[in-house]
Amino acid sequence: MTLVGGVETGGSWCVCAVGSCAGEIVARQRLATTSPEETLAAIIDFFKQAPPVARIGVGSFGPVDLDPRSPTWGYVMATPKPGWEHASVARGLEQALDVKVSFETDVAAAAIGERRWGAGRGTGSLAYMTVGTGIGVGLLLGQEPWHGISHPEVGHVRVPHDRARDPFAGTCPYHGDCLEGLACGPALAARWGRPAEQLQADHPAWELEAEYLAAGLANLVFTVAPERIILGGGVLAAPGLLALVRARLEALLGGYIQSPLLAPGLERYLVAPALGDDAGVLGAIALACQHGEPENRSAPGLTR
Ligand code: ZN
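The model shown is predicted, which means the values in this text are computed figures rather than measured ones.

Asks: What's the story with the packing of aromatic side chains in this structure? I'm lost.
Replies: Any two aromatic rings considered together are summarised by their centre-to-centre distance and by the angle between their planes. This model, assessed by the stated rule, comprises three aromatic pairs. Ring centres of Phe46 and Phe47 lie 4.9 Å apart, and the angle between their planes is 80°; on these two criteria the pair is classed as edge-to-face. Taking relative accessible area as the criterion, Phe46 reaches 8% and is therefore assigned buried. Relative to Trp84, the ring of Phe61 has its centre 5.5 Å away and its plane inclined at 65°; by these criteria the two rings are edge-to-face. Taken together, the positions of Phe61 in the loop between strand 4 (56–60) and strand 5 (75–76) and Trp84 in the loop between strand 5 and strand 6 (87–88) put the pair 23 residues apart, joining distant regions of the chain. Looking at Phe61, the relative accessible area reads 10%, which means it is buried. Trp84 gets classed as buried once you look at its relative accessible area, which sits at 1%. A cation sits over an aromatic face here: Arg30 above Trp13, 3.7 Å from the ring centre.

This is the structure in structure tokens:
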């Protein structure tokens, strides 16, 4: 059985695992994310002691440089996370472990994992949106995650903001009241004065949250028309929120796009993730598996 490695780097924690391309995890470890040097050393230590792997997939918090021709490929770029701006993640792993590394955003890796084993099975095009500390979207329009001059930053799209209904200015340090600035977990906490998990199910916060998320998702549907959207992240743990977003998204789409995949209610179109807490690291393993498959080894963007 060929084994591959998966690394999910997050703002607070990193998860390292060794697993098979059938989705079985044989070794795993969770590490605190501290300085880049200390964190990378701990990841390298894990793989030196774990069973040998054929390739490693990394799903990283971003923004990250994914251009294989760039001298800063595999780097974390402008991030508010102290010490991590311009930190090299992928090349350090490749050099220390003498193994190929496939590098993606955390959300793109999660989308690959959900398509291989979870809620995205059978789709040719899939979007994965996570709503937590930030709002990120991974976009699979074909085999590989979509990149242009950058990976997509759908969390930062503009959505209508009625300041009479919601005077909150937004938390995004770059744009103020972009989607992320209005609807990420810290925005909820700042607007209502307590964390999202402490807001009752009938709190007006949730109608407003559904309004913003549905507006962002409508932009996504009208722009790329994916076959399915997976909506996850800590904020979506709120009971009833997914149903509210579905109803509002359906209203905003207005029946304009005709597709059997957009059946009334959107229950099979806008869905929860299926891989739970393991989504991130399984996504990183799935990324390594996808890039290690013989038919993909020469895919554009993988050769360096
Ligand atoms: Zn923004």
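Asks: Would you take a moment to explain the coordination of the zinc ion for this structure?
Replies: Tetrahedral metal sites with four donors have an ideal angle of 109.5 degrees; octahedral sites with six donors have ideal angles of 90 or 180 degrees. With distances of 2.1 to 2.4 Å, the protein atoms coordinating the zinc ion are His156 (ND1), Cys172 (SG), His175 (ND1) and Cys178 (SG). In this structure, the zinc ion is coordinated by four donor atoms arranged in tetrahedral fashion, with angles at the metal of 101 to 124°. Linear spacing of the donor residues for the zinc ion on their chain is H-x15-C-x2-H-x2-C. Residue classification places Cys172 among the buried positions, given a relative accessible area of 7%. On the accessibility criterion, Cys178 (0% relative accessible area) is buried.

Asks: Would you explain the domain arrangement of the chain in this entry?
Replies: By convention, interface size is frequently given as the accessible area that disappears when the constituent parts associate. The domain boundaries assigned to the chain delineate domain 1 (4–106 + 277–297) and domain 2 (119–273). Between the C-alpha centres of domain 1 and domain 2 there is a distance of 26 Å. With nine residues of domain 1 in contact, the opposing surface of domain 2 contributes seven residues. Together, Leu66, Glu104 and Gln290 form the three largest contributors to the area buried by domain 1 at its contact with domain 2, with a combined 45%. Where domain 1 meets domain 2, there are five residue pairs in polar contact (both at pLDDT 80 or more). Those elements giving two or more residues to the side of domain 1 that touches domain 2 turn out to be strand 7 (101–105) and helix 8 (279–292). Grouping the amino acids of the side of domain 1 that touches domain 2 by side-chain chemistry returns four nonpolar, four polar and one charged.

Asks: Honestly, the pattern of salt bridges in this entry has me stumped. Any pointers?
Replies: Pairs can form between side chains of opposite charge whenever their charged atoms are close. One pass over the full model with this rule turns up six salt bridges. Linking Asp278 and Arg28 is a salt bridge whose minimum nitrogen-to-oxygen distance equals 2.6 Å. Note that Asp278 is positioned in the loop between strand 11 (270–271) and helix 8 and Arg28 in strand 3 (residues 25–32), a separation of 250 residues in sequence. A relative accessible area of 24% places Asp278 in the partly exposed class. Residue Asp166 pairs with Arg191 through a salt bridge whose shortest N-O separation is 2.9 Å. Here Asp166 is found in the loop between strand 9 (135–141) and helix 4 (179–183), whereas its partner Arg191 is found in helix 5 (residues 185–192), with 25 residues between them in sequence. Each of the two residues, Asp166 as well as Arg191, counts as buried.

What counts as what
Residues numbered from 1 in each chain as written. Predicted model: local features only at pLDDT ≥ 70, side-chain atom pairs only at ≥ 80, totals over all residues. Heavy atoms only, no water. Phe/Tyr/Trp six-rings, centres within 6.5 Å; stacked < 30°, edge-to-face > 60°. Buried < 20%, exposed > 50% of the residue type's maximum accessible area, 1.4 Å probe, protein only. Helix = DSSP H or I, 4+ residues; strand = E, 2+ residues; numbered from the N terminus. Lys NZ or Arg CZ within 6 Å of the ring centre and 35° of its normal. Donors = N, O, S within 2.8 Å, 3.2 Å for Na, K, Ca; no water. Tetrahedral: all angles 85-135°; square planar, octahedral: opposite > 155°, others 65-115°. Domains from an automatic or database assignment. Contact = heavy atoms within 4.5 Å. Buried area = accessible area lost by both parts, 1.4 Å probe. Polar contact = N/O pair within 3.5 Å; in protein donor to acceptor, adjacent residues only side chain to side chain. Nonpolar A, V, L, I, M, F, W, Y, C, P; charged D, E, K, R; others polar. Salt bridge = Lys/Arg side-chain N within 4 Å of Asp/Glu carboxyl O.

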